[in-house]
Amino acid sequence: MKESIAILEACQQIIDLKLVSGTWGNVSMRLENGNILITPSGIPYDEIREEDIVLCDRTGKVIEGKLLPSSELKMHLALYAKREDVNAIVHTHSLYASVASSIFEEVPILVEDVAMVIGGTIKVTEYKLPGTEELAEEVVTAIGDNNAVIISNHGQAAVGQTMEDAMLSAQMCEKAAQMYIVAVQTGKMPRALCDKDVKMLYEKYVNSYKKLKEKR
């Protein structure tokens, strides 16, 4: 199944990009029929095989798979239920996003490429215990229409129409957090892009550049 291969490739990519350590984090995709493919719980990313990926229905009931689905399944299901435009989710415990999650209430957009991919200021959720309905609700509320959210004292969740989009969102979320942390350390308040310009840049990317890229 092409979606399973995309998940395996994403697992390798988040290792290569050092967005995860150990078995923390998770990756999923929504199929055309509404079912969800998600990484299993507690398996190192470089050991996951196609047959290890768990197939669930939209309520979280396991349809196929011998292993338990990720402990953050509730969060994935909640995001898919709220966002019809999302077909892939990458949840990582990347370094700078995790640091930002314990310091800031939000991470402003400082540069244009982040604006184009994320779509708005990156919100930080209120703290909720992992794997809970409460955390899932917080993530859905905080992400809004954006393509990434930082999860308090935890990490980040990034979404996209495709797995490629979600992976790019995860990278840009980490970049945004890193830039803001470095900028604040200078002792000066960084100049953030205004909301109007961020929205314009995002819409331009989605409606022109991204469509041209998809045609290639």
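Everything here concerns the structure above.
Everything quoted here is computed from the prediction, not taken from an experiment. (Residues numbered from 1 in each chain as written. Predicted model: local features only at pLDDT ≥ 70, side-chain atom pairs only at ≥ 80, totals over all residues. Heavy atoms only, no water.)

Visitor: Just to check I follow, could you spell out the nonpolar core for this structure?
Guide: Most often, soluble globular proteins keep nonpolar side chains buried together rather than apart. Within the largest apolar cluster, 46 residues are counted, with the highest numbers of intra-cluster contacts made by I7, I14, V107, I122 and M163. Among the elements of the structure, α1 (2-16), β1 (26-30), β5 (88-92), α3 (95-101), α4 (112-118), β8 (148-151), α6 (163-185) and α7 (195-215) are those that each provide at least two residues to this core. Per element, the largest residue contribution to this core is 11 residues, and it comes from α6. When residues no more than four places from it in sequence are discounted, the contact partners of M163 are A6, I7, A10, V27, S28, M29, A88 and V90. Counting residues in each nonpolar core, the second largest holds 21 residues, with V54, C56, L135 and A157 among its members. (Core = buried A, V, L, I, M, F, W, Y, C linked by side-chain atoms within 4.5 Å. Buried < 20%, exposed > 50% of the residue type's maximum accessible area, 1.4 Å probe, protein only. Helix = DSSP H or I, 4+ residues; strand = E, 2+ residues; numbered from the N terminus. Contact = heavy atoms within 4.5 Å.)

Visitor: Honestly, the environment of T121 in this entry has me stumped. Any pointers?
Guide: With respect to the helices, strands and loops of the structure, T121 is situated in the loop between α4 and β7 (122-123). As a C-alpha pair, T121 and V20 span 101 residues in sequence and 23 Å in three-dimensional space. Other than its neighbours up to four places away in sequence, T121 contacts E106, V107, P108, I109, N146 and D195.

Visitor: Would you explain the side chain of N147 in this entry?
Guide: Tracing the backbone through its elements, the reader meets N147 in the loop between α5 (133-143) and β8. The residues touching N147, leaving out its near neighbours within four places in the chain, are R83, V117, I118, A157, A158, V159, S169 and Y202.

Visitor: Whenever I open this one, the packing of α1 against α6 confuses me. Can you help?
Guide: Each pair of packed helices can be summarised by the angle the axes make with each other and by the distance between the axes. The N-to-C vectors of α1 and α6 enclose an angle of 20 degrees; their axes lie 10 Å apart at closest approach. When the axes of α1 and α6 are compared, the pair comes out roughly parallel. Once α1 is placed against α6, the crossing between them reads as right-handed. Across from A6, I7, A10, Q13 and I14 in α1, the residues of α6 making contact are M163, M167 and Q171. A per-class count over the contact of α1 with α6 returns 6 nonpolar, 2 polar and no charged. (Axes fitted to C-alpha atoms, helices over the stretch in contact; angles between N-to-C directions. Parallel < 35°, antiparallel > 145°, perpendicular 65-115°, else oblique. Left-handed = near helix turned anticlockwise from the far one by under 90°. Nonpolar A, V, L, I, M, F, W, Y, C, P; charged D, E, K, R; others polar.)

Visitor: Please explain the packing of helix α2 (residues 73-82) against α5 as it appears in this structure.
Guide: Contact geometry for α2 and α5: axes closest at 8 Å, N-to-C directions at 40 degrees. Considering the angle they form, α2 stands oblique to α5. Helix-helix and strand crossings are classified by hand; for α2 and α5 the assignment is right-handed. Of α5, the residues touching α2 (which contributes K74, M75, A78, L79 and K82) are E133, A136, V139, V140 and I143. Looking at the contact of α2 with α5, its residues break down into 7 nonpolar, no polar and 3 charged.

Visitor: Looking at this structure, I do not really get α1. What am I missing?
Guide: One turn of the α-helix equals 3.6 residues, which is why residues spaced by three or four share an orientation. The terminal C-alpha atoms of α1 lie 21 Å apart, and with 15 residues this matches the ideal 21 Å at 1.5 Å per residue to within 8%. Of the residues making up α1, those classed as buried are E3, S4, A6, I7, A10, C11 and I14. All buried residues of α1 project into a common sector of 155 degrees when viewed along the axis, lining one side. Every exposed residue of α1 that faces more than 90 degrees away from the buried side is listed here: K2, E9 and D16. Of the surrounding secondary structure, the elements contacted by the buried residues of α1 are β1, β2 (36-38), β5 and α6. Trailing α1 by a residue or two, K18 shows a phi angle of about 60 degrees, which is positive. (Expected span 1.5 Å × (residues − 1). Arc of directions from axis to C-beta.)

Visitor: It is not clear to me how the pattern of salt bridges should be interpreted in this structure. Could you clarify?
Guide: Opposite charge on two side chains makes pairing possible when the charged atoms of those side chains draw close. According to the stated counting rule, one finds 5 salt bridges in the structure shown. The salt bridge involving R49 is made with D52; its shortest N-O contact spans 3.4 Å. For R49, a relative accessible area of 48% gives the class partly exposed. Classification of D52 by relative accessible area gives buried; the value is 10%. Notably, a salt bridge pairs R83 with D85, separated by 2.9 Å at the nearest N-O pair. On the basis of relative accessibility, which here comes to 42%, the residue D85 falls in the partly exposed class. Each of R49, E51 and D52 takes part in salt bridges that share partners, so that together they form one network. (Salt bridge = Lys/Arg side-chain N within 4 Å of Asp/Glu carboxyl O.)

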